[in-house]
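# What the coordinates show
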Amino acid sequence: MVSPDGRPVPNSAGVRKTINGSDESKACQRVAAFMGREFARIADRGTIYTTLGVRP
């Protein structure tokens, strides 16, 4: 769910920590988890945007 100001809001049950679904969706979830951990470790917005190819 997304709040009116555009922020993600977890549901009442929290964030799902298990990886399930089809083989393709499992692979996508694993990559997303890896990218999230790496971007959290970097903790620099400019570097993350540059990595994703986002330019002002």
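Anything mentioned here points back to the structure above.
Attention here is on the structure that accompanies the text. (Residues numbered from 1 in each chain as written. Predicted model: local features only at pLDDT ≥ 70, side-chain atom pairs only at ≥ 80, totals over all residues. Heavy atoms only, no water.)

## Quick notes on the pattern of salt bridges
A side chain with one charge can pair with a side chain of the opposite charge if their charged atoms come near. Rules: Salt bridges are counted wherever a side-chain nitrogen of Lys or Arg sits within 4 Å of a carboxyl oxygen of Asp or Glu. Three labels apply to residues, based on accessible area from a 1.4 Å probe with only protein chains included: buried if under 20% of the type maximum, exposed if over 50%, partly exposed otherwise in between. Helix numbering and strand numbering both begin at the N terminus, where a helix is a DSSP run of H or I of at least 4 residues and a strand a DSSP run of E of at least 2.
In total, this model carries two salt bridges according to the counting rule given. Between Asp 5 and Arg 7 there is a salt bridge, and its shortest N-O distance comes to 3.3 Å. Arg 7 shares its class with Asp 5; the two are exposed. Close ionic contact of Glu 38 with Arg 41 constitutes a salt bridge, the shortest N to O distance being 2.7 Å. One end of the pair, Glu 38, and the other, Arg 41, are both in helix H1 (residues 23-42), three residues apart, so they sit about a helical turn from each other. Classification of Glu 38 as partly exposed rests on a relative accessible area of 25%.

## Regarding unusual backbone geometry
Phi is positive for Ala 43, close to 55°, though the residue is something other than glycine. Along the chain, Ala 43 falls in the loop between H1 and helix H2 (45-52). Its relative accessible area of 63% is what places Ala 43 among the exposed residues.

## Focus: the environment of Met 35
Among the structural elements, Met 35 can be located in helix H1. Measuring from C-alpha to C-alpha, the distance between Met 35 and Pro 8 comes to 17 Å, with 27 residues separating the pair along the chain.

## As for the side chain of Ser 3
Applicable threshold: Pairing of N or O atoms within 3.5 Å defines a polar contact, subject to two protein rules: one partner must be a possible hydrogen donor and the other a possible acceptor, and residues neighboring in sequence count only if both atoms are side-chain atoms.
Inspection of the secondary structure assignment puts Ser 3 in the segment before H1. In terms of polar contacts, Ser 3 uses its side chain to reach the side chain of Asp 5, at 2.3 Å.

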